[in-house]
Amino acid sequence: MAAKKEQRLLTTPISGHAFNADMSKMIISGTSNIATIYQRDAKGTYTKETELKKHIERVKSVDWAPNSNRIATCAGDRNAYVWNWDATAGEWKPSLVLLRIERAATYVRWSLKEDRFAVGSGARLLSICYYDEEHDWWVSKHIKKPIRSTILCCDWHPNNYIIAIGSCDFKCRVFSSALKELDDKPEVSGWMPKLSKFGTLLAEFDTSEGWVHGVKFSPSGDKLAWVSHDSSINVVDMNSRDKVLRCLTKSLPMMSVIWLNEDSIVCGGHDNYPVLYNIVGDQLVHGARLDINQKKAGGGMSAMARFKQLDDKGTDDKGTTLDTTHQNA
């Protein structure tokens, strides 16, 4: 297992990040209208390479397509851009995306085949964007009903034609995103028992009692996991969609979830450390806390040292540092 490496890139909160195919570069969005690309050096340290400046409001989400090497960004200005690397000019050039939304764009994700991407928004709709060669821009089709609130997250099924979303109306939903414009012919599955047109609601889950912050399909696509603001973790199998495995944790709300394999997930949130959960039979059980910091030897502070720190800084820093790598969610 690779050693854990820590590096502080920003002093402000990070709203989104993504790596390129070999992780030699990373793009980060913070609290401004600029997305920044970092380059990794031989020592594994990331340094600023360039900035993507096109949005006029805070960049909310970014994603990097590993094969086509395209970057997608979306922001509070209701716009999204696709950035392509121009080797001749030596710079990233933006392409316009026609989102046609009236509220802030909140989340963006490329599909696995990278021929489309999804943009969630506060307009209570999901935009599925694809490239229009005739006009040389990216256009979108909307999935609206029955979404009733802001979309906070989405994830693509491995087959490229099904997408899951989580929103502020406490629901996790699965839709068909098959586009006739791209001549899509998806195979039937447990999620899509029969060929369904674009925007068809394939599944809806209301086991959460809070905003759905993160959603993720398993590597095979047979299972779906989501986490919500009520501190619950939910998992469902496509072959038994009426039986949701729900674990109501004692921790603070989780914000994201990923799969390690078909029976294990890792969640992270406001407790500031990732946690492993396993599917055991028909239960979702706690596995382990993954971020365990060893206490430093001699960490106690003598009375003289504490007095000196109070004199120098006006504080003894007691209780301001957590025993986790991350000091925030």
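Given the structure is predicted, the values throughout are model-derived calculations rather than measurements. (Residues numbered from 1 in each chain as written. Predicted model: local features only at pLDDT ≥ 70, side-chain atom pairs only at ≥ 80, totals over all residues. Heavy atoms only, no water.)

## Here's the deal with the packing of aromatic side chains
Taken as a whole and judged by the stated rule, the model has 10 aromatic pairs. When the ring of Phe205 is compared with that of Trp226, the centres are 5.1 Å apart and the planes differ by 25°; the resulting orientation is stacked. In this pair, Phe205 sits in strand 16 (residues 201–205) while Trp226 sits in strand 18 (residues 223–228), placing the two residues 21 residues apart along the sequence. Here Phe205 matches Trp226 in class, with each residue buried. Following the ring pairs from residue to residue traces out a cluster consisting of Trp110, Phe117, Tyr131 and Trp138. The aromatic ring of Phe198 is capped on one face by Lys141, whose charged end is 4.8 Å from the ring centroid. When the ring centre of Tyr273 is taken as origin, the NZ or CZ atom of Arg289, which lies over that ring, is 4.0 Å away. (Phe/Tyr/Trp six-rings, centres within 6.5 Å; stacked < 30°, edge-to-face > 60°. Helix = DSSP H or I, 4+ residues; strand = E, 2+ residues; numbered from the N terminus. Buried < 20%, exposed > 50% of the residue type's maximum accessible area, 1.4 Å probe, protein only. Lys NZ or Arg CZ within 6 Å of the ring centre and 35° of its normal.)

## Observations regarding the pairing of strand 4 (residues 46–53)
Two elements, strand 3 (residues 34–40) and strand 4, share 7 bridges in a ladder whose sense is antiparallel. Opposite Ile37, over in strand 4, you have Thr50 as the bridge partner. Here strand 3 folds back onto strand 4 in antiparallel fashion, the turn holding 5 residues, of which Gly44 has a positive phi close to 85°. (Pairing = 2+ DSSP bridges.)

## Describing the pattern of salt bridges
For side chains of opposite charge, pairing can occur when their charged atoms come near one another. One pass over the structure, following the stated rule, counts 13 salt bridges. The closest approach of N and O atoms between Lys53 and Glu51, which form a salt bridge, is 3.3 Å. Judged by its relative accessible area of 30%, Glu51 is partly exposed. With a shortest N-O distance of 3.1 Å, Lys93 and Asp86 are connected by a salt bridge. Classification of Lys93 by relative accessible area gives partly exposed; the value is 36%. (Salt bridge = Lys/Arg side-chain N within 4 Å of Asp/Glu carboxyl O.)

## Structural notes on the pairing of strand 20 (residues 245–248)
Residue alternation in strand 20 divides its side chains into a buried set, Leu245 and Cys247, and an unburied set, Arg246 and Leu248. Note that strand 19 (residues 232–237) and strand 20 share 4 bridges and pair antiparallel. Note that in strand 20 the partner of Asn234 across the bridge is Arg246.

## Examining the sheet that holds strand 24 (residues 283–289)
Spatially, 4 strands are ordered 21-22-23-24 in an open sheet, and the strand pairing comes out antiparallel. The open sheet has two free edges, formed respectively by strand 21 (254–261) and strand 24, since each of these has just one partner strand. Here the strands of the sheet are splayed against their neighbours by 30° on average, with no regard to which way each runs. The pairing of strand 22 (residues 264–269) with strand 23 (residues 275–280) spans 4 bridges and is antiparallel. Pairing of Val266 across the sheet is with Leu276, part of strand 23. (Axes fitted to C-alpha atoms, helices over the stretch in contact; angles between N-to-C directions.)

## A word on the environment of Ile128
Inspection of the secondary structure puts Ile128 in strand 11 (residues 126–132). Expressed as a C-alpha distance, the spacing of Ile128 and His142, which sit 14 residues apart in the sequence, is 6.4 Å. Setting aside anything within four residues of it in sequence, one finds Ile128 in contact with Arg116, Phe117, Ala118, Val139, Ser140, Lys141, Ile143, Trp156, Ile163, Ser177, Leu179 and Phe198. (Contact = heavy atoms within 4.5 Å.)

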